[in-house]
Amino acid sequence: MYGWLTMAHLTLHEARQRKVLFAMLILGLAFLSLFTTGFYFISRNVQTEHGMSPQGRQLVLSNVVMAGFYAVNFLLVMTAVLTPVDTISGEIGSGVIQTLVTKPVRRSEILLGKWLGYWMILVIYLTLMTGGILLAVRVIGKFTPPDLKIGIPLMLLEGTLLLTLSIAGGTRLSTIANGVMVFGLYGLAFIGGWMEQIGTLLGNSTTRYIGIISSLVVPSESLWQLAAYRMQPPLMRDLHLTPFSPVSIPSSNMVVWAAIYTIVVLGVALRQFSQRNL
Amino acid sequence: MDYAIETQGLRKRFGEKTAVSDLTLTVRQGEVFGFLGPNGAGKTTSIKMLLALVKPSAGTAQVLGAPVGNLEARSRIGFLPEHFRFHDWLTARELLRFHGRLYHIPAARLLSRIEELLVRVDLQDAGDLRLREYSKGMLQRIGLAQALLNQPQLVFLDEPTSGLDPLGRLLVRDIIRDLRREGTAVFLNSHLLGEVEVSCDRVAFVKKGVVVREMALQEKQNTMELELKLGQVAPEILAGLLQFGKNPSIRNGHVRVQVTDENSIPEIACWLVQQGVKIYQLSMVKQSLEALFLEIMGEDERPG
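Predicted, not measured: the structure shown is a model, and the values here were computed from it.

### Regarding the overall build of chain B
Helix and strand counts for chain B stand at eleven helices and 14 strands. Counting only C-alpha atoms and orienting by the principal axes, one finds that chain B spans roughly 80 × 45 × 40 Å. Burial analysis of chain B (304 residues in total) assigns 51% to the buried set. Sequence-distant contacts, at least 24 apart, represent 70% of the contacts inside chain B between residues at least 6 apart. By element, 49% of the accessible surface of chain B is carried by carbon and sulfur atoms, the whole surface being about 14100 Å². Each charge class in chain B was averaged separately, 38 positive and 37 negative side chains, and the resulting centres sit 4 Å apart.

### What to know about the confidence of the model for chain B
Summary statistics for chain B give a mean pLDDT of 89 and a share of 96% for residues scoring 70 or more. Predicted complex, confidence summary: ipTM 0.84, pTM 0.86.

### A closer look at the interface of chain B and chain A
In this assembly, 28 residues from chain B lie in contact with 27 residues from chain A. Both sides of the chain B and chain A interface together cover about 2600 Å² of buried area, and 62% of this is carbon and sulfur. Of all residues in chain B, the largest losses of buried area upon contact with chain A belong to B:Leu53, B:Trp89 and B:Leu102, amounting jointly to 27% of the total for that side. Linking chain B to chain A there are zero salt bridges. For the interface between chain B and chain A, the tally reads 13 residue pairs in polar contact (both at pLDDT 80 or more). When residues of the side of chain B that touches chain A are traced back to their parent elements, those giving at least two are β1 (3-14), α2 (71-74) and α3 (92-102) of chain B. No other element matches the five residues that α3(B) contributes to the side of chain B that touches chain A. Residue classes in the side of chain B that touches chain A are distributed as 15 nonpolar, five polar and eight charged.

### So, unusual backbone geometry
Residue and element names in this part refer to chain B. Even without glycine at this site, Leu-64 takes up a positive phi of about 50°. With respect to the helices and strands, Leu-64 occurs in the loop between β4 (58-63) and β5 (66-67). By relative accessible area, Leu-64 is classed as buried at 8%.

### Side note on the sheet that holds strand β14 (residues 279-286) of chain B
All names here are of chain B. If you trace the four strands from one edge of the open sheet to the other, you get β12-β13-β11-β14, paired in antiparallel fashion. Here the strands that pair on one side only, and so sit at the sheet edges, are β12 (246-251) and β14. Pairwise comparison of adjacent strand axes, ignoring direction, gives a mean angle of 20° for this sheet. When strand β11 (residues 224-230) meets β14, the two strands line up antiparallel, connected through seven bridges. Within the sheet, the bridge partner assigned to Leu-228 lies in β14 and is Leu-282. In the packing of helix α10 (residues 264-274) onto the sheet, the strands contacted are β11, β13 (254-259) and β14, and the crossing angle to β14 comes to about 155°.

### Examining the nonpolar core
All names here are of chain B. By size, the foremost hydrophobic cluster in this structure holds 152 residues, and its most contacted members are Leu-25, Ile-142, Phe-156, Phe-187 and Phe-205. Sequence-distant contacts of Phe-156, defined by excluding residues within four places in its chain, comprise Ile-5, Ile-47, Leu-50, Leu-51, Ile-77, Gly-78, Phe-79, Leu-80 and Phe-187. If you look at the next biggest cluster of nonpolar residues, it comprises 15 residues, including Leu-238, Phe-244, Ile-265 and Val-277.

### What about the pairing of β12(B)?
All names here are of chain B. As paired strands, β12 and β13 are joined by four bridges and run antiparallel to one another. Paired with Arg-251 across the strands is His-254, a residue of β13. Hairpin connection, β12 to β13: the antiparallel pair is bridged by two residues, and Asn-252 has positive phi, about 55°.

Conventions and cut-offs
Residues numbered from 1 in each chain as written. Chains lettered and ligands numbered in written order. Predicted model: local features only at pLDDT ≥ 70, side-chain atom pairs only at ≥ 80, totals over all residues. Heavy atoms only, no water. Helix = DSSP H or I, 4+ residues; strand = E, 2+ residues; numbered from the N terminus. Buried < 20%, exposed > 50% of the residue type's maximum accessible area, 1.4 Å probe, protein only. Contact = heavy atoms within 4.5 Å. Areas by Shrake-Rupley, 256 points an atom, 1.4 Å probe, with all protein chains shown as cover. Lys, Arg positive; Asp, Glu negative; His and termini not counted. Charge placed at Lys NZ, Arg CZ, Asp CG, Glu CD. pLDDT = per-residue confidence, 0-100. Buried area = accessible area lost by both parts, 1.4 Å probe. Salt bridge = Lys/Arg side-chain N within 4 Å of Asp/Glu carboxyl O. Polar contact = N/O pair within 3.5 Å; in protein donor to acceptor, adjacent residues only side chain to side chain. Nonpolar A, V, L, I, M, F, W, Y, C, P; charged D, E, K, R; others polar. Pairing = 2+ DSSP bridges. Axes fitted to C-alpha atoms, helices over the stretch in contact; angles between N-to-C directions. Core = buried A, V, L, I, M, F, W, Y, C linked by side-chain atoms within 4.5 Å.

Here's what the structure looks like:
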């Protein structure tokens, strides 16, 4: 077996042994149960008691779905940052890494294998959570958000970007410093995204540009905003009535930038890890 | 001659601090080589350079005929680090299977090798226990098994008896003996000089990052030390002893001189009497590795 596949296999095995997958499954099911229950009652409400128009009903249901996706996106960010935050720095600190890198395996294979393992965990998590939400809203509310084929991959790209940052930070920083750094960058992107929206709404170009620059520094929030924009019915998108309907819509160039950003960060991580003293 | 390890002027600086200033040594194929020195002498950094864990600042090194870090050469190397750390959520069998895969050992051969090694390190009954349940000695033994998975041509053992009881130490000694018989070179870093004395063919002494002496232990066994309790010892008497042996010195009120031939003893006694020196006691002392270590390192390396 190739070294990187062995490492990916070990990472998945570790997630299973250390109950990470179990905790994700149980808490994910709890989240989905809560969402499904809430959605069931809201859906019943907008169907019968208020005699809503189909458009009004769609607006309410879409908002609930977006609230669910927003929570999933937040949990995805947490999973992307926290699960691998210790994987390199922790093994360097404890010395576990020494017996691995002296095997006939390139250091890049070790890092790529770990990255792949954690990315697969992220994919499993995103599939479980978004799949659960979509199944519930389809069965209960006969509702399917638009452009899922674009929105969900954008959420995955956001998670992938933060996961890669978290692994890259571990090649240079201690576990705690790495966690602080990645969450700090995410916070920067988050507030920058809001500045961009508010600046655009008020016609304040300085605030808007500050937001755009912060999105270039860390494009995670832009990806979520674009995903949220695409997964809403056109009426919801254009009214800009909820926090999920951005006024300043990230362009497709931002997606290309996010993909390049992720590849460059991964490249830097591979270089750092290959050259550092252990 | 093909060497298992050959280094020339290997050097490592961490910022302003020089951890290793000149590592020049050779380790022959199939020999057990002891690497000795006080704490902070640069032993671990030296091992890390030879295993490509740390990049040297200067110098060259070949391991198993290839530059340090060569992937093919690494498939023929085993390594037990000091304070072996591991993924403690794995069982011993899982750990060995994982490391065996990193060595690219075919599955069927790996399974039989794992069982063979578990028997060798006396852990066959604990193979399915999670490593977090292991004692310190058991962990050291599974670490040793991990280092031998690929039937290496060269094994680096950094303090292999650390945490082991006397029976465990005996087991390590037996394994080193078996490795030598199989033609595996062993690079042994140990503070236990008695272990080194029993196990090693040759040793190198490293002091302040420099290899100050490299010698065969056979050489040491051929050197005897004569200890004399004498009356007045004038400086010219000490100098005169040089005609019979090496390094005459006064330690704890006794005169010591290294001789290589037993016939020197009556000659020395005769000469001393002729010089008018009174002899109160005369005995042969076999020089221990510990005494040699202290002599080479000097008093300045003694703590306290």
